[in-house]
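One-letter residues, chain by chain:
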Amino acid sequence: MSTHHVMKPLSVFILTALLSACMVGPDFVRPTAPTTPNFTAGGDQITTGDQRLVSGQAVSSVWWQSFASAQLNDVMQQALAGNLTLQATQATLAQAQAQVQASAGALDPQVSLGGTAGRQKYGATLFGPSDFHIPPFTYYSVGPQVSYLLDFAGGKRRSLEQQKALAAYQAYQTQAARLSLTGNVAAQVIGLVSAQTQIAVIQQILIDDQKNIALIQKAKIIGSATQNDLLSLQSQLAADQALLPPLQQQQSTATHALAILVGKAPADWQAPHFDVNEFHLPAALPLSLPSSLVHYRPDIMAAESQLHAASATIGMATANLYPSLTLTANMTQQALTPVDLFKSTANAWAIAGGLSAPLFNGGTLRAEKKAAEAAYQSELANYQQVILQSFGQVADVLKALEHDAEQIKTQQQALDAAQSSLKLTDLSYQLGNSGVLPLLDAERLAHQARLSLVRAKVQQYQDTALLYLALGGGTLSENPQQPIS
């Protein structure tokens, strides 16, 4: 076969492929970011307390280090390395990325090598009433085959676009899983610190209760206290002892939860004893702008990826309304004996084109296009709802931090007043100007104020961590336009 005879059909093949560069259906355009300047109606500031907001600053991807706890950092690294849920999402991401590669490969010409060996006998009547007949024979053929679906409507490329969007969705889901993991670890650690601190306070209260019972017993002997006073203190001791089991259960639950988060069975992993004095409340808190938050939160970016996939689906449904053309070509060596298989006289080739166009399908294809358009509108509404919910979460946390600061200020004032009252009452008791009961009451108020202050501080730590999470946890801060793999 001459070069001219080969190049002419090959040129037609390439030219037709180049004509397939257009794509029908809408090109995806990222929705416009919200223009609202603040998360809250009154402005985004913490009006009291030692914390301040730094507007426009992105969250660090290792935001938990702002608490300056080496033990928290260590547990967090164990969780990021061993958490099974995170590993599952990473494997799902790898699957989605492989599917993208598979879809991309389908756009290229498909080449295969085929070989055939067979034995054939034709029936005598095949050639009509005559004495001519072909005896049984053995035949051989070998050669490459090429097929190519001309994507002139862009359906295959829209399918690839959809796969890429779904892979991006899975990448953001992986980042969301990482964000959820770090948030859960921080919450459990802070809860564990809270339980340990409150247990220590209550144990001191129980010691004081027992001392007070001893004082009342002595006072009863000299007649300055009654049996009812003693029973009242014993009842108070029992009530204070009842505070321990729930906190101990909270401690156990948090410890077991942390073991699961780091990928271990509770029996195989023990949480460290966290020192509350090791934790430091961050003084400067980052606060991204509302218009930037849509690029910093993985759940918002995941919703955008789903919207992109829905847009590509419209293109796929639109492409189905257009004709489909498939080109095939093969070049084989055909012979009746293996010896003759690779001689020049054994050369054979073929080029063919197959055209298929929808004529009547009962309106199915147009209905599928309308369904794809409706699905896009649904995803658009979901995307906008995710943004609103994220803005609401940030607004809630900002107000919570402001209220935490007010609560801590009030509880600190209550503790200071209770301790001052306790000192004066103790001095009065030492001078003999008052009995033991007012002293016991003053001690009770001081203990209660101390517990309330501990709980308020723990809540402030929890809400500080929630702010980092609501702002995206730094998972996308380095390159907010692309998912991080």
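Residues numbered from 1 in each chain as written. Predicted model: local features only at pLDDT ≥ 70, side-chain atom pairs only at ≥ 80, totals over all residues. Heavy atoms only, no water.

**Student:** Looking at this model, I keep getting lost on the overall build of the chain. Mind explaining?
**Tutor:** A count of helices and strands for the chain gives 10 helices and 6 strands. Over its C-alpha trace the chain gives a radius of gyration of 38 Å, far above what one expects of a compact globule, namely 23 Å for 485 residues. Principal-axis analysis of the C-alpha atoms places the extent of the chain at approximately 140 × 50 × 40 Å. Burial analysis of the chain (485 residues in total) assigns 39% to the buried set. Here the contacts in the chain between residues at least 6 apart in sequence split such that 85% fall between residues at least 24 apart. A total accessible area of about 25900 Å² is found for the chain, and carbon and sulfur atoms account for 56% of it. Taken together, the 26 basic and 31 acidic charged side chains of the chain have centroids lying 9 Å from each other. (Helix = DSSP H or I, 4+ residues; strand = E, 2+ residues; numbered from the N terminus. Rg over C-alpha atoms; globule rule 2.2 N^0.38 Å. Buried < 20%, exposed > 50% of the residue type's maximum accessible area, 1.4 Å probe, protein only. Contact = heavy atoms within 4.5 Å. Areas by Shrake-Rupley, 256 points an atom, 1.4 Å probe, with all protein chains shown as cover. Lys, Arg positive; Asp, Glu negative; His and termini not counted. Charge placed at Lys NZ, Arg CZ, Asp CG, Glu CD.)

**Student:** Just checking my understanding: could you explain the sheet that holds strand S5 (residues 324–335) for this structure?
**Tutor:** As a general point, the strands of a sheet are linked pairwise by backbone hydrogen bonds and lie either parallel or antiparallel. If you trace the 4 strands from one edge of the open sheet to the other, you get S2-S3-S5-S6, paired in antiparallel fashion. Two strands close off the open sheet at either side, each with one partner strand: strand S2 (110–120) and strand S6 (347–356). Pairwise comparison of adjacent strand axes, ignoring direction, gives a mean angle of 20° for this sheet. As judged from the 10 bridges shared by S5 and S6, these two strands associate in the antiparallel manner. Note on S6: the bridge partner recorded for Leu327 is Gly353. (Pairing = 2+ DSSP bridges. Axes fitted to C-alpha atoms, helices over the stretch in contact; angles between N-to-C directions.)

**Student:** Which parts of the structure should I look at to understand the side chain of Asn212?
**Tutor:** Within the fold, Asn212 resides in helix H4 (residues 155–221). Beyond its immediate chain neighbours, meaning those up to four positions away, Asn212 contacts Leu233, Leu440 and Glu443.

**Student:** Looking at this structure, I do not really get the packing of H4 against helix H5 (residues 227–241). What am I missing?
**Tutor:** One way to put it is that H4 packs onto H5 with a least axis distance of 10 Å and a crossing angle of 170°. With respect to their mutual orientation, H4 and H5 come out roughly antiparallel. Contact with H4, carried on its side by Ile202, Ile205, Leu206, Asp209, Gln210, Asn212, Ile213, Ile216, Gln217 and Lys220, involves Gln227, Asp229, Leu230, Leu233, Gln234, Gln236, Leu237, Asp240 and Gln241 of H5 and no other residues of that element. Among the residues forming the contact of H4 with H5, the class breakdown is 8 nonpolar, 7 polar and 4 charged. (Parallel < 35°, antiparallel > 145°, perpendicular 65-115°, else oblique. Nonpolar A, V, L, I, M, F, W, Y, C, P; charged D, E, K, R; others polar.)

**Student:** Sorry, what's going on with H4 here?
**Tutor:** Working note: α-helix, 3.6 residues per turn, so residues spaced by three or four point in the same direction. Counted at 1.5 Å a residue, the expected span for H4 with its 67 residues is 99 Å, and the 97 Å between its end C-alpha atoms agrees. In the segment just after H4, Gly223 is the residue with positive phi, at about 90°. (Expected span 1.5 Å × (residues − 1).)

**Student:** So what exactly am I meant to see when it comes to the confidence of the model for the chain here?
**Tutor:** Residues shown with low pLDDT carry predicted positions that ought not to be read at fine detail. When pLDDT is averaged along the chain, the result is 88, and 93% of the positions lie at 70 or above. This model gives residues 478–485 a pLDDT under 50, and the stretch forms 18 contacts once residues within four places in sequence are excluded. (pLDDT = per-residue confidence, 0-100.)

**Student:** Got a minute to help me understand the side chain of Thr464 in this structure?
**Tutor:** Looking at the element boundaries, Thr464 is found in helix H10 (residues 436–470). For Thr464, a relative accessible area of 0% translates into the label buried. Of note is the side chain of Thr464, whose polar atom sits 2.8 Å from the backbone oxygen of Gln460. Residues contacting Thr464, with those up to four places away along its chain left out, are Gln51, Phe67, Leu281, Pro282, Leu285 and Leu401. (Polar contact = N/O pair within 3.5 Å; in protein donor to acceptor, adjacent residues only side chain to side chain.)

**Student:** What is the right way to look at the environment of Ala98 in this model?
**Tutor:** Its place among the elements puts Ala98 in helix H3 (residues 84–105). For Ala98, a relative accessible area of 40% gives the class partly exposed. Sequence spacing of Ala98 and Thr85 is 13 residues, and the spatial spacing of their C-alpha atoms is 20 Å.

**Student:** Explain the pattern of salt bridges to me, please; I cannot follow it from the model alone.
**Tutor:** Where charged atoms from two side chains of opposite charge come close, those side chains can pair. Counted according to the given criterion, the structure contains 10 salt bridges. With a shortest N-O distance of 2.8 Å, Arg444 and Asp209 are connected by a salt bridge. One end of the pair, Arg444, is in helix H10; the other, Asp209, is in helix H4, and 235 residues separate them in sequence. One network of salt bridges, in which partners are shared, links Asp27, Arg158 and Glu161. (Salt bridge = Lys/Arg side-chain N within 4 Å of Asp/Glu carboxyl O.)

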